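Structural overview for review
The lines below spell out each chain.
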Amino acid sequence: MYQEYAWKKYDKKDLEKLDQFTTNYKNFLSECKTERLCVSKSVALCETAGFKNLEGCTSLKPGDKVYAVNKNKNIAAFVIGKESLTQGLAILGAHIDSPRLDLKQNPVYESDTFAYLDTHYYGGIIKYQWVTIPLALHGVVVKKDGSSVSIEIGENENDPVVGITDLLPHLAAEKMQKAAAKVIEGEGLDILIGSKPLEDEEKDPTKQAVLKLLKEKYDIEEEDFVSAEIEVVPAGKARDFGLDRSMIAGYGHDDRVCAYTSLMAVLDSGQCQRTTCAVLVDKEEVGSIGATGASSVWFENTIAEVIALTEDYTDLKLRKALTNSVMLSSDVSAGLDPLYSSVMERKNSAFMGKGICFNKYTGSRGKSGCNDAQPEFIAKLRKMMDENHVNYQTSELGRVDQGGGGTIAYILANYNMNVIDAGVPVLSMHAPMEIVSKADVYEAYLAYKTFLKNA
Ligand code: MN
Ligand code: MN
């Protein structure tokens, strides 16, 4: 079902299943605005599906279901296959970090009786998109005694929201002459959080009033922000988009749409020939580095643990398991937007509604930095997608020399496994409100299940 619109193939029963699946996804997206929330929700989904924490396991046998968590920011779910892990796993890898604004370590200040939070943006954002929209605060504050306080402000409809102001058009003549990259600068992304001064307070009375509120509600001091991770994200739930409700608008489709569909594919597929795995990583938007990024040895260590619990462990077995694995790097593609079609080359573009999109390579300027998937591997994928009536398409990220980007594909490919990018096309990627087609969300889920069963 190559390059065909998926909507055409659905009967009434298919549409009911699609509706149920995408409703569940919308709820996941609304609830999971940070990596930590994605992991805790994924743990809950795993446990409901009968998965056990790997930490408590003393041995594993074919058919067993386990999950492992790393630093509250990564999760990997496994179903032990019929054959030895040394034959290789079928892996779905997605990222659960999304572009946003992070609070600095010393964020709170006052100016002209307004209280603000200073931020440093995370990932590739178009800064002018983040002003004059309702924002919410999510994250954790870890105190010196090791206790951790969860913060969530702005999601409940009775909560206040916060946000960034912008200049009125009447006085914006000079500003409107600036290049788009300079209209809103990084240090201009400060969050307005209060305007009511505390009585009898001489120095920074509004800042003190806000700190008093935080002390009362969360028992935190100003200095506790030093060991906090607070993410400023668009407030509100994911919604149906379009009069025909064919799309979903929400924050963080990149890459939670592939994370959710990948995880559910492993949870719903049961035992397969190979051991199946969905791994959700952090830090993709800033280069996949660090202990919780795809470059971390955590995933490799976790596979070593799974091998050691299923058979006699040797280092060679781990290497064989990794090299014989096959992986879909589940990450979103840029959907063709008719308003901006000039940056695309139509024959090699992803169209909303034509199903999961495979990217043989990403990269930029002469494929630089790309994972270029093997044609032998792609041929197998074509066969299994066609035989299982999954709608799929292929694309590049824009016209040659227009720009580019990368994913986690090349990192896992370093183990010598076959990897290809495969995910859902998105409009307005990295904007506070991204858009996906429900058909593509459902086809991605079907494609991932097909891959786990047939790879
Ligand atoms: Mn992505
Ligand atoms: Mn991205």
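Residues numbered from 1 in each chain as written. Chains lettered and ligands numbered in written order. Predicted model: local features only at pLDDT ≥ 70, side-chain atom pairs only at ≥ 80, totals over all residues. Heavy atoms only, no water.

1. Considering the coordination of the manganese ion (ligand 2)
Surrounding the manganese ion (ligand 2) are the protein donor atoms Asp 254 (OD), Glu 285 (OE), Glu 285 (OE) and His 430 (NE2), which sit 2.0 to 2.6 Å from the metal. A separation of 3.4 Å is found between the manganese ion (ligand 2) and the manganese ion (ligand 1), which are bridged by Asp 254. Within this pair, whereas Glu 285 is found in the loop between strand E13 (276-281) and helix H6 (298-310), its partner His 430 is found in the loop between strand E21 (425-427) and strand E22 (434-437), the two being separated by 145 residues in sequence. Here Glu 285 and His 430 have matching classes, each one buried. (Donors = N, O, S within 2.8 Å, 3.2 Å for Na, K, Ca; no water. Helix = DSSP H or I, 4+ residues; strand = E, 2+ residues; numbered from the N terminus. Buried < 20%, exposed > 50% of the residue type's maximum accessible area, 1.4 Å probe, protein only.)

2. Points about a nonpolar patch on the surface
Taken together, the side chains of Leu 167, Leu 168 and Leu 171 present a nonpolar region at the surface, about 280 Å² in accessible area. Topologically, Leu 168 is positioned in the loop between strand E8 (148-153) and helix H3 (180-183). (Patch = residues over 30% accessible without salt bridge, like charges linked within 9 Å, V, L, I, M, F, W, Y side chains within 5 Å. Areas by Shrake-Rupley, 256 points an atom, 1.4 Å probe, with all protein chains shown as cover. Salt bridge = Lys/Arg side-chain N within 4 Å of Asp/Glu carboxyl O.)

3. Re helix H8 (residues 375-387)
Spanning 13 residues, H8 covers 18 Å between terminal C-alpha atoms, matching the ideal 18 Å at 1.5 Å per step. Looking at H8, one finds that the buried residues are Phe 377, Leu 381, Met 384 and Met 385. The buried residues of H8 occupy an angular sector of 100° when projected down its axis, which confines them to one face. The exposed residues of H8 that point more than 90 degrees off its buried face are Pro 375, Glu 376, Lys 383 and Glu 387. (Expected span 1.5 Å × (residues − 1). Arc of directions from axis to C-beta.)

4. Topic: the coordination of the manganese ion (ligand 1)
Distances from the manganese ion (ligand 1) to its protein donors, namely His 95 (NE2), Asp 254 (OD), Asp 331 (OD) and Asp 331 (OD), fall within the range 2.2 to 2.6 Å. We note that the donor set of the manganese ion (ligand 1) lies within a single chain, spaced as H-x158-D-x76-D.

5. Section: the sheet that holds strand E9 (residues 191-194)
Whenever strands of a sheet pair, they do so through backbone hydrogen bonds, lying parallel or antiparallel. The strand order across the open sheet built from 6 strands is E8-E7-E10-E5-E6-E9, with neighbouring strands paired in antiparallel fashion. Edge positions in the open sheet fall to E8 and E9, since each of these has one partner strand only. Recorded for the sheet is a direction-independent mean angle of 30° between the axes of neighbouring strands. Note that strand E5 (residues 100-111) and strand E10 (residues 228-234) share 2 bridges and pair antiparallel. From the neighbouring strand, Asp 102 faces E10, where its bridge partner is Glu 231. (Pairing = 2+ DSSP bridges. Axes fitted to C-alpha atoms, helices over the stretch in contact; angles between N-to-C directions.)

6. Side note on the domain arrangement of the protein chain
By a widespread convention, an interface's size corresponds to the accessible area lost as its parts come together. With domains assigned, the protein chain is organised as domain 1 (6-98 + 251-454) and domain 2 (100-234). For domain 1 and domain 2, the distance between their C-alpha centres works out to 33 Å. Listed per partner, the contact involves 17 residues of domain 1 and 15 residues of domain 2. When the buried area of domain 1 at its contact with domain 2 is split by residue, Lys 33, Tyr 251 and Pro 432 rank highest and sum to 37% of it. Here Lys 73 ties to Glu 229 by a salt bridge, and the two come within 2.8 Å at their closest N and O atoms. For the side of domain 1 that touches domain 2, the residue count by class is 5 nonpolar, 3 polar and 9 charged. (Domains from an automatic or database assignment. Contact = heavy atoms within 4.5 Å. Buried area = accessible area lost by both parts, 1.4 Å probe. Nonpolar A, V, L, I, M, F, W, Y, C, P; charged D, E, K, R; others polar.)

7. Comments concerning the pattern of salt bridges
Considering all chains together, one arrives at 29 salt bridges under this definition. Glu 31 serves as the salt-bridge partner of Lys 41, at 3.4 Å between the closest nitrogen and oxygen. Of this pair, Lys 41 sits in helix H2 (residues 35-48) while Glu 31 sits in helix H1 (residues 12-31), placing them 10 residues apart in sequence. Taking the relative accessible area as the measure of exposure, Lys 41 reaches 25% and is therefore partly exposed. The partly exposed category is assigned to Glu 31, whose relative accessible area is 44%. Measuring nitrogen to oxygen at the nearest pair gives 3.0 Å for the salt bridge that ties Glu 345 to Lys 347. Assessed through its relative accessible area of 24%, Glu 345 is described here as partly exposed. With relative accessibility at 64%, the residue Lys 347 sits in the exposed group. Taken together, the shared-partner salt bridges connect Lys 26, Asp 240, Arg 245 and Lys 438 into one network.

8. Points about the pairing of strand E20 (residues 418-423)
Strand residues, when the strand is regular, have side chains that alternate between the two faces of the sheet. Across the 6 residues of E20, 5 count as buried, placing the element largely inside the fold. In terms of strand pairing, strand E14 (residues 326-329) meets E20 through 4 bridges, oriented parallel. Note on E20: the bridge partner recorded for Ser 329 is Asp 421.

9. Regarding the nonpolar core
Membership of the largest hydrophobic core comes to 62 residues, with the highest contact counts inside it found for Leu 328, Phe 358 and Phe 451. In terms of nonpolar packing, the next biggest core, distinct from the first, is built from 33 residues, Ala 294, Trp 298, Ala 321 and Met 417 among them. (Core = buried A, V, L, I, M, F, W, Y, C linked by side-chain atoms within 4.5 Å.)

10. Focus on the packing of aromatic side chains
Under the counting rule described, the total for this entry stands at 14 aromatic pairs. Ring centres of Tyr 10 and Tyr 442 lie 6.1 Å apart, and the angle between their planes is 65°; on these two criteria the pair is classed as edge-to-face. With Tyr 10 in the segment before H1 and Tyr 442 in helix H10 (residues 438-454), the pair connects residues that are 432 residues apart, well separated along the chain. Residue Tyr 10 is classed as buried on the basis of its relative accessible area, which comes to 9%. Classification of Tyr 442 by relative accessible area gives buried; the value is 7%. An aromatic cluster of at least three residues, connected via ring pairs, comprises Trp 7, Tyr 10, Phe 21, Tyr 25, Phe 28, Tyr 260, Tyr 442 and Tyr 445. Over the face of the ring belonging to Tyr 122 we find Arg 100, whose NZ or CZ atom lies 3.7 Å from the ring centre. Positioned above the aromatic ring of Phe 351 is the side chain of Lys 354, whose terminal nitrogen or guanidinium carbon lies 4.6 Å from the ring centre. (Phe/Tyr/Trp six-rings, centres within 6.5 Å; stacked < 30°, edge-to-face > 60°. Lys NZ or Arg CZ within 6 Å of the ring centre and 35° of its normal.)

11. Notes on the sheet that holds strand E11 (residues 239-241)
Reading across from one edge, E11-E12-E22-E21-E15 is the order of the 5 strands in this open sheet, with mixed pairing throughout. Each edge of the open sheet carries a strand with a single partner, namely E11 and strand E15 (333-334). As defined by bridge partners, E11 adjoins strand E12 (residues 247-250) across 3 bridges and the pair is classed as antiparallel. Of the residues in E12, the one forming a bridge with Arg 239 is Ala 249. Here H1 sits on the sheet and contacts E11 and E12; the angle it forms with E12, its principal contact strand, is near 5°. In this fold H10 packs onto E11, E12, E21 and E22, with an angle of close to 65° to the strand it touches most, E22.

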